[in-house]
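Listed below are the residues making up each chain.
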Number of protein chains: 2
Amino acid sequence: MTNERLQHAVESLKKTKVRMTPQRHAILEFLFETMTHPTADEIYKALEGKFPNMSVATVYNNLRVFKEAGIVKELTYGDSSSRFDSITNNHYHIICNDCGKIVDFHYPALDEVETLAEHVTNFEVKSHRMEIYGKCPQCRSEQNVVHS
Amino acid sequence: MTNERLQHAVESLKKTKVRMTPQRHAILEFLFETMTHPTADEIYKALEGKFPNMSVATVYNNLRVFKEAGIVKELTYGDSSSRFDSITNNHYHIICNDCGKIVDFHYPALDEVETLAEHVTNFEVKSHRMEIYGKCPQCRSEQNVVHS
DNA sequence: ACACTAAATTATAAGAATTACAATGTAATA
DNA sequence: TATTACATTGTAATTCTTATAATTTAGTGT
C-alpha cells in the first residue's frame, strides 16, 4: 500500500512538468516508507549511501516541489528544523514534550471548527492544523522510577 | 484588564527567582498590550526607543524565561521566525495564507480530542495547538477585483 | 538512436534567526 | 551599604534554509 500511494504520487507529479530523477524518486520513496517524520537533514543522511554526491539543496528543493504538489506536509514545531510528512488521510500528531517522539493518531477532521471559523471571521478557510502535546508512555514510566 | 493580567504575571515570576528588570518588564508589558503576535525582532524594534542599548539576546532570553514560566506561548509557522503571544484563555488563531494576518477566534477548548488522544495513545496529555488557515476578507476582495 | 531544451542537480556562498559566551552591570536581600 | 547571584550587553558562532552559477540529465520529437 505504500507502493500504491507512491505510484500515485509519482503519477500526479508527472502530470505537471515535474521530471522524475533518481534522487527525487528516492526522497519520495523514503518519505512514504518512513514513519519518523524526518527533517531535511535526516533525509539527506539517510540517502547519502545511495547518492554520495547528492546536495542538501536537492533535498530542500524537492521538499518544496512536493509541498507545492500537495504530496508532503511541513511540520514546524518549536525546535529549529522543520519535519516532513507524506500526507495521508485524517490523522493528527501527538508529540512528547520530553523526548520529541511523534505518534500518529486518527481522528475525523475538524470540519465543524473550520465552518464556524469561516462564519465568525469571514475568512475563506483552506485548512487547519492541530497537534496534541504531552508525555509519552516511555517518558512517563521513566519519571516514575524511584531513585534510591 | 491588561494591567491586571500583567500584574499577575509579574507576581508569578517574582515567586520564582526571576528578577524584575526594566527591560524584562517592558517586554512583558509590550506582549500583554499588543494584539499583533510579534516576532522577537519586532519586540526588539518596538522597544529600542525606550532602551537604545538593549541587546537582541535580552529579548530572546526573556522570551525563553516567560515560556518556561508558562506566561507566553511560541507560535511557529512555516516562515523563518517564531511569533510570541501572551497566553490567554480558550482562543485559537486563524491565519491568512496570503498576507500573514493573524486573527483571534474564540472557541471552547477541544477537551474531547485531548481525552480521546490520551486513551488511544496512552500519553499523558498536557496541551494542544490548533490553527486554521485561509484567506482573509481583505485578500479575498483584492483577488476579486477585475483587472481590465 | 540522437539531439534539443527546459528542468534538475551540485557545490558553494550568502542570508537570517537564534544561541553561546565572557565581561560588565544591577536587583534583591540582609 | 555590601554582597551575590542573576541579567544584560555586544559579539561571535551556529544552525537552518535559500540563492546562484555551472554542469548534468529527463523527457520529447525527429
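The coordinates are above.
What you see is a predicted model; the values in this text were computed from it and never measured. (Residues numbered from 1 in each chain as written. Chains lettered and ligands numbered in written order. Predicted model: local features only at pLDDT ≥ 70, side-chain atom pairs only at ≥ 80, totals over all residues. Heavy atoms only, no water.)

Participant: Whenever I open this one, the nonpolar core confuses me. Can you help?
Facilitator: If you look at soluble globular proteins, the nonpolar side chains tend to sit buried side by side. Core analysis: the biggest nonpolar cluster contains 28 residues, and Phe105, Leu110 and Val113 of chain A together with Phe105, Leu110 and Val113 of chain B have the highest contact counts within it. Among the secondary structure elements, those contributing two or more residues to this core are strand 3 (91–96), helix 5 (111–121) and strand 5 (124–135) of chain A together with strand 3 (91–96), helix 5 (111–121) and strand 5 (124–135) of chain B. Once residues lying within four places of it in the same chain are set aside, the contact partners of phenylalanine 105 of chain B are Val113, Leu116, Ala117 and Thr121 of chain A together with His91, Tyr92, Ile94 and Ile132 of chain B. (Core = buried A, V, L, I, M, F, W, Y, C linked by side-chain atoms within 4.5 Å. Buried < 20%, exposed > 50% of the residue type's maximum accessible area, 1.4 Å probe, protein only. Helix = DSSP H or I, 4+ residues; strand = E, 2+ residues; numbered from the N terminus. Contact = heavy atoms within 4.5 Å.)

Participant: Quick question: what am I supposed to make of the packing of helix 2 (residues 22–33) of chain A against helix 3 (residues 40–47) of chain A here?
Facilitator: Relative placement of two packed helices is described by the angle separating their axes and the distance separating the axes. Residue and element names in this part refer to chain A. Contact geometry of helix 2 with helix 3 gives a least axis separation of 11 Å together with a crossing angle of 110 degrees. When the interaxial angle is binned, helix 2 and helix 3 end up roughly perpendicular. Regarding helix 2 and helix 3, the two cross each other, and that crossing is right-handed. Between helix 2, through Ala26, Ile27, Phe30 and Leu31, and helix 3, the contact on the second element is made entirely by Ile43, Ala46 and Leu47. Along the lines of polarity and charge, the residues of the contact of helix 2 with helix 3 split into 7 nonpolar, no polar and no charged. (Axes fitted to C-alpha atoms, helices over the stretch in contact; angles between N-to-C directions. Parallel < 35°, antiparallel > 145°, perpendicular 65-115°, else oblique. Left-handed = near helix turned anticlockwise from the far one by under 90°. Nonpolar A, V, L, I, M, F, W, Y, C, P; charged D, E, K, R; others polar.)

Participant: Would you mind showing me how to read the protein's contact with DNA strand D here?
Facilitator: The environment of DNA strand D is made up of 21 residues, and the closest members are Met20 and Tyr60 of chain A together with Thr21, Asn53 and Thr58 of chain B. Within 4 Å of the protein, the contacting atoms of DNA strand D are drawn from sugar and phosphate to the extent of 77%. Here threonine 21 of chain B contributes a side-chain N or O atom positioned 2.5 Å from a phosphate oxygen of DNA strand D. Between a phosphate oxygen of DNA strand D and a main-chain N or O atom of asparagine 53 of chain B, the distance comes to 2.8 Å. No other element matches the 4 residues that helix 4 (residues 56–68) of chain B contributes to the surface near DNA strand D. The residue makeup of the surface near DNA strand D, split by class, is 7 nonpolar, 10 polar and 4 charged. (Near = heavy atom within 4 Å. Polar contact = N/O pair within 3.5 Å; in protein donor to acceptor, adjacent residues only side chain to side chain.)

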